[in-house]
Amino acid sequence: MNSPHSSAPEAAKLLELIQKYSGPKIAIMEVCGTHTMAIYQHGIRSLLPEQLQLISGPGCPVCVTPVGFDEAIRLVREGVILTTYGDALRVPGTHTTLERVRAEGGEITPVYAVTDALKVARDNPEREVVFLGLGFETTSPTAAHAILTAKKRGLTNFSVLSAHKALMPAMQALLADPLMEIGGFLCPGHASMVIGSDAYLDIARNHKIPCAVAGFQPEQVLLGMLYILRQIERGEAKVENAYPGVVTPEGNRAAMALLKKVFVLADSRWRGLGELPGSGYMLAPEFEAFDTRKKLLDGQELVGEEPAGCKCAEVLRGRMGAQECPLFAKVCTPEAPVGACMVSSEGACGAHYRYRGIE
Ligand code: SF4
């Protein structure tokens, strides 16, 4: 359990306390892909007591985006310059990937941040430049800021193909699923920095599910788990914050205001969860000049098809472990991913494949 910034003694102490858990059998869902990766990377799963099961949730942005890639592929073929995060390039669309389209001569620029996409637009004033935006409340405020900047600077060749998603509707959808038995939520540190830990109060109070916000070092993940287990032992359900230096109860109000100004929440499709009401950040009408769907796709949203045999939908709902998919490690590997969950190191299949030796 080594990491340059982690505290091994602290992690060992927390693990010892977790191993003493004496409550009922419980499944904790780690909502966030970065938690999934940290848990695999540090071999945490195999060190937990038998009564504690961890299930991976829908918090990996490239994994839950069912559309966006087909739309982006079409746009590149029509001649736009596409900018997006590197992970998105290898995610299978219905017939091909952005990576293959790029190899065929399509103009795709991987970026680290949406500000790089603005620079591409500035450097290519004669071309349409589209940013394929992915992610939850962690990245969507930066996309909102870029749209405001483009508007202010009159960058009319720039637009955003938004696949940005709101976290809470997905968690609520999981709770509404009668087949899901979630005993606790390990809530993401990054998105909670923006939405605030109070965002989970409804889940704790009304659904009686213990929640703990956690950071990504092993000892932070373990502390979050311990908070949840202690609540179970005491018969409580509340929201606890194991990442207090970073996450506040109210979150980042400025970032939330930015989201509210530029986006509206609309129904949106999720891989595995289907269409969820009010779960997608779409550009507000006053910014439609920067909305790729309005500008270049006739307002249409293309709906892609899942690859044959891929069980990402089941994995993302927490109903199936990655290794239970018949294609796992046989036909589907990080080098030749069949589904989105194998592409990103934060996807449950990708994380399980990369770190299964540790398990
Ligand atoms: Fe899909 Fe591959 Fe995961 Fe199976 S192992 S669910 S095919 S991504």
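Residues numbered from 1 in each chain as written. Predicted model: local features only at pLDDT ≥ 70, side-chain atom pairs only at ≥ 80, totals over all residues. Heavy atoms only, no water.

Peer 1: In this structure, what is going on with the overall build of the chain? I would like to understand it.
Peer 2: For the chain, the helix and strand inventory stands at 15 helices and eleven strands. Scored against the burial criterion, the 359 residues of the chain give a buried share of 57%. The long-range fraction of contacts in the chain, counting pairs at least 24 apart against all pairs at least 6 apart in sequence, stands at 76%. Carbon and sulfur atoms form 51% of the exposed surface of the chain, whose accessible area is close to 15,000 Å². (Helix = DSSP H or I, 4+ residues; strand = E, 2+ residues; numbered from the N terminus. Buried < 20%, exposed > 50% of the residue type's maximum accessible area, 1.4 Å probe, protein only. Contact = heavy atoms within 4.5 Å. Areas by Shrake-Rupley, 256 points an atom, 1.4 Å probe, with all protein chains shown as cover.)

Peer 1: Quick question: what am I supposed to make of the packing of helix 2 (residues 33–41) against helix 15 (residues 348–355) here?
Peer 2: Helix-helix packing is characterised by the crossing angle of the two axes and by the distance between the axes. Interaxial distance between helix 2 and helix 15 falls to 9 Å at its minimum, and their mutual angle equals 15°. For the element pair helix 2 / helix 15, the angle class is roughly parallel. With respect to the hand of their crossing, helix 2 and helix 15 are arranged in right-handed fashion. Packed against helix 2, whose contacting residues are Thr36, Met37, Tyr40 and Gln41, the element helix 15 presents Ala348, Ala351, His352 and Tyr355 at the interface. Its residues assigned to classes, the contact of helix 2 with helix 15 shows five nonpolar, three polar and no charged. (Axes fitted to C-alpha atoms, helices over the stretch in contact; angles between N-to-C directions. Parallel < 35°, antiparallel > 145°, perpendicular 65-115°, else oblique. Left-handed = near helix turned anticlockwise from the far one by under 90°. Nonpolar A, V, L, I, M, F, W, Y, C, P; charged D, E, K, R; others polar.)

Peer 1: In this structure, what is going on with the packing of aromatic side chains? I would like to understand it.
Peer 2: In this description, an aromatic ring pair is defined by two values, namely the gap between the centres and the angle between the planes. Under the definition given, this model contains five aromatic pairs. A ring pair is formed by Tyr85 and Phe131, whose centres lie 5.6 Å apart and whose planes are at 85°; its orientation type is edge-to-face. Residue Tyr85 is found in strand 3 (residues 81–85), and its partner Phe131 is found in strand 5 (residues 129–135); the two are separated by 46 residues along the sequence. Here the two residues Tyr85 and Phe131 agree in accessibility, since each one is buried. Ring plane angle 35° and centroid distance 6.0 Å describe the contact between Phe136 and Trp270, whose orientation is recorded as tilted. (Phe/Tyr/Trp six-rings, centres within 6.5 Å; stacked < 30°, edge-to-face > 60°.)

Peer 1: Could you clarify how one ought to interpret the state of the cysteines in this entry?
Peer 2: Each disulfide consists of a covalent bond between the sulfur atoms of two cysteine residues. In this structure the tally under the stated criterion is one disulfide. Each sulfur of the disulfide joining Cys60 and Cys63 lies 2.4 Å from the other. Its torsion about the S-S bond being 70°, the disulfide of Cys60 and Cys63 is classed as right-handed. Not engaged in a disulfide, the cysteine Cys32 finds its nearest cysteine sulfur in Cys60; these two sulfurs lie 9.1 Å apart. Assessed through its relative accessible area of 7%, Cys32 is described here as buried. (Disulfide = S-S within 2.5 Å.)

Peer 1: Just checking my understanding: could you explain the sheet that holds strand 3 for this structure?
Peer 2: By way of backbone hydrogen bonds, the strands of a sheet pair with one another, either parallel or antiparallel. With respect to topology, four strands assemble into an open sheet ordered 4-3-5-6, the strand pairing being parallel. Either end of the sheet is taken by a strand with one partner, and the two such strands are strand 4 (108–111) and strand 6 (158–164). Pairwise comparison of adjacent strand axes, ignoring direction, gives a mean angle of 20° for this sheet. Packed on one face of the sheet, helix 4 (residues 69–77) meets strand 3, strand 4, strand 5 and strand 6 and runs near 165° to strand 5. (Pairing = 2+ DSSP bridges.)

Peer 1: Is there a simple way to think about the pattern of salt bridges in this case?
Peer 2: Side chains that differ in charge, positive against negative, can pair when their charged atoms come close. Taken as a whole and judged by the stated rule, the model has 15 salt bridges. Across the pair Asp123 and Lys119 runs a salt bridge whose closest N-O atoms are separated by 2.9 Å. On the criterion of helical spacing, the pair formed by Asp123 and Lys119 is a turn pair, its members being four residues apart in helix 6 (residues 114–123). According to the relative accessible area criterion, Lys119 is partly exposed, its value standing at 45%. The residue Arg319 makes a salt bridge to Asp177 at a minimum N-O spacing of 2.7 Å. Here Arg319 is found in the loop between helix 14 (312–316) and helix 15, whereas its partner Asp177 is found in the loop between helix 8 (167–176) and strand 7 (184–188), with 142 residues between them in sequence. For Arg319, a relative accessible area of 35% puts it in the partly exposed group. On the basis of relative accessible area, Asp177 is assigned to the buried category, the value being 5%. (Salt bridge = Lys/Arg side-chain N within 4 Å of Asp/Glu carboxyl O.)

Peer 1: It is not clear to me how the packing of helix 1 (residues 8–19) against helix 11 (residues 218–234) should be interpreted in this structure. Could you clarify?
Peer 2: At a closest axis distance of 9 Å, the pairing of helix 1 and helix 11 adopts a crossing angle of 25°. Between helix 1 and helix 11, the interaxial angle falls into the category roughly parallel. Crossing hand, helix 1 versus helix 11: left-handed. Here Glu10, Ala11, Leu14, Leu15, Leu17 and Ile18 of helix 1 come into contact with helix 11, specifically with Glu219, Leu222, Leu223, Met225, Leu226, Leu229 and Arg230. Tallied by class, residues from the contact of helix 1 with helix 11 come to ten nonpolar, no polar and three charged.

Peer 1: What should I look at first to understand the environment of Met168 in this one?
Peer 2: Here Met168 is to be found in helix 8. Sequence spacing of Met168 and Arg153 is 15 residues, and the spatial spacing of their C-alpha atoms is 33 Å. Residues contacting Met168, with those up to four places away along its chain left out, are Ile195, Ala199, Tyr200 and Ile203.

Peer 1: Please clarify how unusual backbone geometry should be interpreted in this entry.
Peer 2: With the exception of glycine, the majority of residues adopt a negative phi angle, and the majority of peptide bonds are in the trans configuration. For Lys208, which is not glycine, the phi dihedral falls at a positive 60°. Looking at where Lys208 falls in the secondary structure, it is placed in the loop between helix 10 (201–207) and strand 8 (211–214). Under the relative-accessibility criterion, Lys208 is labelled exposed at 61%. For Ala329, which is not glycine, the phi dihedral falls at a positive 65°.

Function cannot be read off these values alone, since they describe shape.
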